[in-house]
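Tertiary structure, described
Here are the chains, one letter per residue:
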Amino acid sequence: MKVVSTNIATPKVISWRGKEVKTGIYKYPVNTSIYLDKEDVAGDHVIDRRYHGGVDKACYLYAIDHYPYWKEKYPSLDWNYGMFGENLTIAGFDENQIKIGNVYQLGDAIVQISRPRQPCYKLGIRFENQGIIKQFIDSLRSGVYVRVLKSGYVGVTDDLILKEENSSGITIAELNMLIFHFDEKKHGSLLNTALEDPLVSDSDKKYFKKRA
């Protein structure tokens, strides 16, 4: 897996339900490495820290491999990397294979897979269609947030190299199933595995217990 783009937000004021809201979802590629710190990416613009940034959401990764799927659905958009609000666009990233809690070397940084993306209305504004929210959830192409265990610079062509696998853990896609598509008959055992895993975030545990 390899970094193909580093992306930083350009803050923008948008209109939502009659109110002006500032957002950092409009990210665009930059020609430099970016610095992953413990709670955010240096120089990025995290506007609402209730839902973005913090230890479990320090940096967001999304797969370039998913871009053709979305471009086919939204061909009229002005496409660029960072379209999903990701700081790092990654080649070869697969939510069905990568487990919550896995630890990776990423450039000079060391990161741990923490939480899948749960989209909000701002992604709908970015895509000029609130229907993207349900499509994004149903696709299981969520990308992932990481914890930064060791801060450092990450640049284009840096590799995402597995250092430690959470062998008893669940994948990003499986966690998405628990959060958004829980079926007790199908996912009861998986739910127990997730609840017992200390590397699954407390916030996600609370959320899919409510769904259950």
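Look up a bit, the structure's there.
Thresholds applied
- Residues numbered from 1 in each chain as written.
- Predicted model: local features only at pLDDT ≥ 70, side-chain atom pairs only at ≥ 80, totals over all residues.
- Heavy atoms only, no water.
- Pairing = 2+ DSSP bridges.
- Helix = DSSP H or I, 4+ residues; strand = E, 2+ residues; numbered from the N terminus.
- Axes fitted to C-alpha atoms, helices over the stretch in contact; angles between N-to-C directions.
- Contact = heavy atoms within 4.5 Å.
- Salt bridge = Lys/Arg side-chain N within 4 Å of Asp/Glu carboxyl O.
- Buried < 20%, exposed > 50% of the residue type's maximum accessible area, 1.4 Å probe, protein only.
- Core = buried A, V, L, I, M, F, W, Y, C linked by side-chain atoms within 4.5 Å.
- Phe/Tyr/Trp six-rings, centres within 6.5 Å; stacked < 30°, edge-to-face > 60°.

Digging into the sheet that holds strand β6 (residues 59-63)
- If you trace the 8 strands from one edge of the open sheet to the other, you get β4-β1-β7-β6-β10-β9-β8-β12, paired in mixed fashion. Two strands close off the open sheet at either side, each with one partner strand: β4 (27-30) and β12 (160-164). Between one strand and the next, the sheet's axes are offset by a mean angle of 40°, whatever the strand orientation.
- In this structure, strand β1 (residues 2-9) lies alongside β4, joined through 4 bridges in antiparallel fashion. If you follow I8 over to β4, its bridge partner there is Y28.
- Where helix α4 (residues 172-180) meets the sheet, it contacts β9 (109-116) and β10 (144-150), and its direction lies at approximately 30° from that of β9.

Some words on the pattern of salt bridges
- Throughout the structure, instances matching the rule amount to 5 salt bridges.
- As a salt-bridge pair, K2 and D159 come within 2.7 Å of each other at their nearest N and O atoms. Of this pair, K2 sits in strand β1 while D159 sits in the loop between β11 (152-154) and β12, and the two are 157 residues apart along the sequence.
- Residue classification places K2 among the partly exposed residues on the basis of a relative accessible area of 35%.
- For D159, a relative accessible area of 31% puts it in the partly exposed group.
- For R115, the salt bridge identified is with D204, shortest N-O distance 3.0 Å. With a gap of 89 residues between them, R115 in strand β9 and D204 in helix α6 (residues 202-211) connect regions that are remote in the sequence.

Here we look at the nonpolar core
- Within the largest apolar cluster, 57 residues are counted, with the highest numbers of intra-cluster contacts made by L36, W79, F84, L88, V111, F127 and L178.
- When sequence neighbours within four positions are dropped, the list of residues in contact with W79 reads Y67, W70, K71, Y74, F84 and F127.

Quick notes on the packing of aromatic side chains
- Going through the model one piece at a time under the given rule, you end up with 17 aromatic pairs.
- When the ring of Y67 is compared with that of F84, the centres are 5.3 Å apart and the planes differ by 80°; the resulting orientation is edge-to-face. Of this pair, Y67 sits in helix α1 (residues 67-73) while F84 sits in the loop between α1 and β7 (88-91); the two residues are 17 residues apart in sequence, bridging distant segments of the chain. When sorted by exposure, Y67 lands in the same class as F84, which is buried.
- Pairing Y74 with F127 gives two aromatic rings, centres 5.3 Å apart and planes at 80°, and the pair type is edge-to-face. One end of the pair, Y74, is in the loop between α1 and β7; the other, F127, is in the loop between α2 (121-126) and α3 (132-139), and 53 residues separate them in sequence. As far as burial versus exposure is concerned, Y74 and F127 are alike and both buried.
- Here the aromatic residues Y60, Y62, Y67, Y69, W70, Y74, W79, Y81, F84, F127, F136 and Y145 are joined through ring pairs into a cluster of three or more.

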